[in-house]
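# Results of the structural survey
The residues making up each chain are set out below.
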Amino acid sequence: MKYRHSFHAGNFADIHKHVTLLAPLAALKRKDKGFAYFETHAGRGSYDLQGASESAGGADRLSERKWHAEELRNFDALVARFRSSRNQPHAYPGSPLIAAQELRPQDRALLSELVPTEARMLERELEAHSHMRVERDNGFERLRAWLPPKERRGLILIDPPYEETRQDFQRVISAIADALQRFATGVYAAWYPIKEDREVRAWHEAFASAVSAETLVSELWLYPRDSKVALNGSGMLIVNPPYQLAERMQIWLPELQRRLDVGHPGGSSARSLSD
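Here, residues in each chain are numbered from 1, in the same order as that chain's written sequence. Selection of residues for local features in this predicted model requires a pLDDT of at least 70, selection of side-chain atom pairs for listing and counting requires 80 or more, and totals for whole chains, interfaces and linings are taken over all residues. Excluding hydrogens and water, the side-chain figures rest on all heavy atoms present in the structure.

Ordered in space as β5-β4-β1-β6-β7-β9-β8-β10, the eight strands form an open sheet in which the pairing is mixed. With partners counted over all chains shown, the strands left at the sheet margins are β5 (132–135) and β10 (267–272), one partner each. When strand polarity is set aside, the average angle formed by the axes of neighbouring strands in this sheet is 15°. Strands pair, by our definition, only if DSSP identifies at least two bridges between them. Strands are runs of DSSP state E lasting at least two residues, helices are runs of H or I lasting at least four, and both sets are numbered from the N terminus onward. Where strand β8 (residues 215–221) meets β10, six bridges bridge the pair, whose relative direction is antiparallel. By the bridge assignment for β10, Leu220 is matched with Ser268. The contact criterion used throughout is that any non-hydrogen atoms of two residues lie within 4.5 Å. Throughout, an axis means a line fitted to C-alpha atoms (over the contacting stretch in the case of helices), and angles, computed between N-to-C directions, take values from 0 to 180 degrees. Packed onto the sheet, helix α1 (residues 12–28) meets β1 (36–39), β6 (154–158), β7 (187–194), β8 and β9 (233–239) and runs at close to 20° relative to β9. Across the sheet, helix α3 (residues 95–102) touches β1, β4 (108–112), β5 and β6, and the angle it forms with β1 is around 170°.

Here it is, written out as structure tokens:
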């Protein structure tokens, strides 16, 4: 596997993914009872963005202005706390370290990472978090063993590398369709790249045919959706979305898109997959 998320850490897609991730985490925390958090492709957990070119259009612009939407203010504050705690002004938390800041003592996390060097770095990052465990394995395969969680409440983040885009699209469909048979009430969040609009639309149709559960589509794109650039936009499919998540996204997504605008025709959308 050639993919290393460190090359892309802190870019606009990361910002979209991580702000989105905070919403279901917050929703699950509204009840005192603990929940489980699973990641299928966790990465190393923390990144140094100094000199990282892709972060110039994402994380480097987080604190340039004041945010209006609560979700964006909360994420900006989380990153600021993370940097302050390490005294590293260019540090950026990946999703495992975001979850580590949000999980309570009664919650737990299982994180899968296949690349040994990345898994070792993640283990070191989480040494102080006894309720979070790293497994060096294929996350798609581990998901079968993880579910259903004993807590009967949980959030599953699926974020494969998409080196083989079509194959990973199908793997995500298969993984979620199978997982719902084991854990029907879980919240599933699957990130995906927007590189070619026709391919994304075909995948959405295939997903809707295979997964009957309510699914929210959240997308942000900074370039026309069929531009010949490496990455036009970022998408998240959220199965069993928490109450009012779509309504809140319709507030903060346009603000985020405007602040990250690079001068090309872009946009954002939050809608039901069935629309």
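All right, on to the layout of surface pockets then. Of the grid points, spaced at 1 Å and generated over the protein atoms alone, those admitting a 1.4 Å probe that cannot get out make up cavities, while open sets with protein on both sides within 12 Å along at least five of seven lines make up pockets; any residue with an atom within 4 Å of a point is treated as lining. Grid points are joined across faces, edges and corners, and a volume is the space filled by probe spheres set on the points. Taken as a whole, the second largest pocket holds about 400 Å³ of empty space. Taken together, 16 residues line the second largest pocket, and the ones lying closest to its centre are Leu22, Ala23, Ala26, Glu71 and Asn74. Contributions of two or more residues to the lining of the second largest pocket are made by α1, α2 (70–86) and α8 (245–260). Basically, the charged four are Asp, Glu, Lys and Arg, the nonpolar ten are Ala, Val, Leu, Ile, Met, Phe, Trp, Tyr, Cys and Pro, and anything else, Gly included, counts as polar. Partitioning the lining of the second largest pocket into residue classes produces eight nonpolar, two polar and six charged.

Here we take up α1. Along its 17 residues, α1 runs 26 Å from first to last C-alpha, staying within 8% of the 24 Å computed at 1.5 Å per residue. With 16 of 17 residues buried, α1 lies mostly within the body of the structure. To estimate the expected span of a helix, subtract one from its residue number and multiply by 1.5 Å. Partly exposed residues are those whose accessible area sits between 20% and 50% of the maximum for their type, while under 20% is buried and over 50% is exposed, using a 1.4 Å probe and protein chains only.

Moving on: the nonpolar core. The set of buried Ala, Val, Leu, Ile, Met, Phe, Trp, Tyr and Cys residues whose side-chain atoms join them within 4.5 Å is what this entry labels a nonpolar core. If you look at the biggest cluster of nonpolar residues, it comprises 84 residues, and the most contacted ones within it are Tyr37, Leu147, Ile176, Tyr188, Tyr192 and Phe207. Contacts of Leu147, omitting those with residues within four sequence positions, involve Phe38, Ile156, Ala179, Arg182, Phe183 and Tyr188.

Let us now look at the packing of α2 against α8. At a minimum axis distance of 8 Å, the contact between α2 and α8 shows a crossing angle of 60°. Relative to α8, α2 is oriented oblique. Residues Glu70, Glu71 and Leu72 of α2 pack against Arg248, Trp252, Glu255 and Leu256 of α8. Reported orientations rely on four angle classes, namely roughly parallel under 35 degrees, roughly antiparallel over 145, roughly perpendicular from 65 to 115, and oblique for the rest.

On to the pattern of salt bridges, then. Salt bridge, as applied in this entry: a Lys or Arg side-chain nitrogen positioned within 4 Å of an Asp or Glu carboxyl oxygen. For the structure on display, the rule yields 21 salt bridges. Note that Arg104 and Asp107 form a salt bridge whose closest N and O atoms lie 2.9 Å from each other. Judged by its relative accessible area of 14%, Arg104 falls in the buried class. In the salt-bridge network here, residues are joined through shared partners; they are Asp197, Arg201, Glu219 and Arg225.

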